[in-house]
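If you want the building blocks of each chain, they are given just below.
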Amino acid sequence: MHQVSRRGWLAATATALTGGAGCLGLRDGDDPVTVGSLLPLSGEGMLGTMASHHERAIDAAVADVNDAGGVHGRTVVHEVGDTAADPETAGEAYQSLVDEGAVAIVGAVLSSVTTALAERPAEDGVLLLSPSSTSPSLASAGRGEDAKYFGRTCPNDRQQAAAMAKILDDRRYADADDATVLYVDDAFGTALVDAVTEATETEIRATVPFAPSDPDAGTRVTAATSGGPDAVVFVGTPGPSGAVLDELVAADYSGEVVVSAGMSVDASNRDYSGTYTASVASARTVGTQRLERDLVDLAPLMAYTVNAYDAAMLASLAAERAGDVTSTAAAQSLRAVAGGTGHSVTVGQFDRASELFDAGREVNYRGASGALDLQPDLEPLSAYLVERVQGGSVQTLELLQRSYFGGAEA
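All figures in this text were calculated on a predicted structure; none of them were measured in a lab.

K.L.:
Could you give an account of helix 6 (residues 157-169), naming the residues involved and the relevant values?
P.N.:
Look at helix 6: 18 Å from first C-alpha to last across 13 residues, which is about the 18 Å you get at 1.5 Å a residue. In terms of residue burial, helix 6 counts as a mostly covered element, since 10 of its 13 residues are buried. When helix 6 is considered as a whole, its buried residues turn out to be D157, Q159, Q160, A161, A163, M164, A165, K166, I167 and L168. Where helix 6 begins, the capping side chain belongs to N156, and its oxygen is found 2.9 Å from the backbone nitrogen of R158.

As structure tokens, this is what we get:
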């Protein structure tokens, strides 16, 4: 069997699939299983590129499942919904996927978009797994009576906040007495600002919001650097936020700059010299290497691409284990296939997992992004890197293990 990936909606599939809330199964055992995705394919610049990488990664996961015979022998198809980085557009795409009978949906990418959708999965009984929506406010989202229908393969930004606070506070790094925060005014930005403020010992002198497409970035940067704070914390998302970050690093400001994860830091640009960032540590597992080989034409992979693969694979593994191809059954099995116990399986090993399930064994998925070990809120703890731009490259200064955030060592 081969991967099937299609944009738009296929009427034949829609007719074949059921659409009852909480019972998004399939009437006919020969019918395909739909895994949907919500990606900002028409997003500006880097955001659109990231979305295209995520699409390819989900395609790769679907191909790996189908090469192993599919979920309970059924071909998996990947239906892509373009969110255009807009909550309203995303809502329409989400509803189309629900109407299609999607057993699981990978997405959305931006926290602001995912937040607008977050309670609908529990209402509809549809599993939604985000590869990159890190807002702390999403931790409890999607909790229904029979299952938790929202999860993510990326860490909660409370971890990122703790890492950024360490950069601000540590004498080896910014060692700041006071700081201002320049942040994108959306669900992701406001939640991360609150988390950083709570985690740091540095006095946050002021917070300066900017719109995702702010035509007056210079004024916002001036407000953030006014009075010469020891550090400016920049919280943004890929795409339009990049222009504001460029304004900040080019400004006449001599303090430290600390940038949130997910933003592309141009180490070749001398203006970025000395900039700090906290990034999710790449596990560099066998699974990572396998996915990179499969997507070698995309190298280097954009942020959270590995997490997109893992989301699609986790949903498929959970449905395979459950023995019932419904969203509820898959949601109930997620932690069983990524809870830290069982026989290890990784990228491209859906066939091994199926054999273990048939033998009555449990599996533990260690994916392209590393060991997921989902917590009760269906989110992983991840290691983080403290990084700084030095000598034209991004250099790692410290690895913060999962134990730093309250988890077990990798």
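So that's the structure; there's more coming.
K.L.:
So, the confidence of the model for the protein chain: which residues are in play, and what are the values?
P.N.:
Scored by pLDDT, the protein chain comes out at a mean of 89, with 91% of its residues at no less than 70. In this model residues 1-28 is a low-confidence stretch, pLDDT under 50, and it forms 80 contacts with partners more than four residues away in sequence or in other chains.

K.L.:
Break down the packing of helix 11 (residues 305-322) against helix 12 (residues 327-337) for me, with residues and values.
P.N.:
Two elements in contact, helix 11 and helix 12, have axes separated by 8 Å at closest approach and are oriented at 105°. Of the possible angle classes, the one that applies to helix 11 and helix 12 is roughly perpendicular. Only A329, A330, S333, L334, A336 and V337 of helix 12 make contact with helix 11, whose side of the interface consists of L314, A315, L317, A318, A319, R321 and A322. Tallied by class, residues from the contact of helix 11 with helix 12 come to 11 nonpolar, 1 polar and 1 charged.

K.L.:
An account of helix 2 (residues 45-67) is requested, with residue identities and associated values reported.
P.N.:
For helix 2, which comprises 23 residues, the first-to-last C-alpha distance of 33 Å matches the rise-based estimate of 33 Å (1.5 Å per residue) to within 8%. Counting buried residues along helix 2, 17 of its 23 residues qualify, which places the element largely inside the surrounding structure. One or two steps after helix 2, the chain reaches G69, where phi turns positive at roughly 105°.

K.L.:
Explain the nonpolar core to me, and be specific about the residues and the numbers.
P.N.:
Within the largest apolar cluster, 74 residues are counted, with the highest numbers of intra-cluster contacts made by L38, Y309 and Y365. Counting residues per element, this core draws most heavily on helix 11, at 11 residues. Sequence-distant contacts of Y309, that is, excluding residues within four places in its chain, are made with A57, A60, A61, D64, L291, V347, G348, Y365 and A368. In this structure, A163, V249, V257 and V389 belong to the second largest nonpolar core, which totals 47 residues.

K.L.:
Summarise the pattern of salt bridges; cite the residues concerned and give the values.
P.N.:
This model, assessed by the stated rule, comprises 12 salt bridges. Between D297 and R56 there is a salt bridge, and its shortest N-O distance comes to 3.0 Å. Placement of the pair is D297 in the loop between helix 10 (286-294) and helix 11 and R56 in helix 2, with a sequence separation of 241 residues. Each of the salt bridges in this network shares a partner with another, and the network as a whole consists of K166, D170, R172 and E398.

Parameters and conventions
- Residues numbered from 1 in each chain as written.
- Predicted model: local features only at pLDDT ≥ 70, side-chain atom pairs only at ≥ 80, totals over all residues.
- Heavy atoms only, no water.
- Helix = DSSP H or I, 4+ residues; strand = E, 2+ residues; numbered from the N terminus.
- Expected span 1.5 Å × (residues − 1).
- Buried < 20%, exposed > 50% of the residue type's maximum accessible area, 1.4 Å probe, protein only.
- Polar contact = N/O pair within 3.5 Å; in protein donor to acceptor, adjacent residues only side chain to side chain.
- pLDDT = per-residue confidence, 0-100.
- Contact = heavy atoms within 4.5 Å.
- Axes fitted to C-alpha atoms, helices over the stretch in contact; angles between N-to-C directions.
- Parallel < 35°, antiparallel > 145°, perpendicular 65-115°, else oblique.
- Nonpolar A, V, L, I, M, F, W, Y, C, P; charged D, E, K, R; others polar.
- Core = buried A, V, L, I, M, F, W, Y, C linked by side-chain atoms within 4.5 Å.
- Salt bridge = Lys/Arg side-chain N within 4 Å of Asp/Glu carboxyl O.

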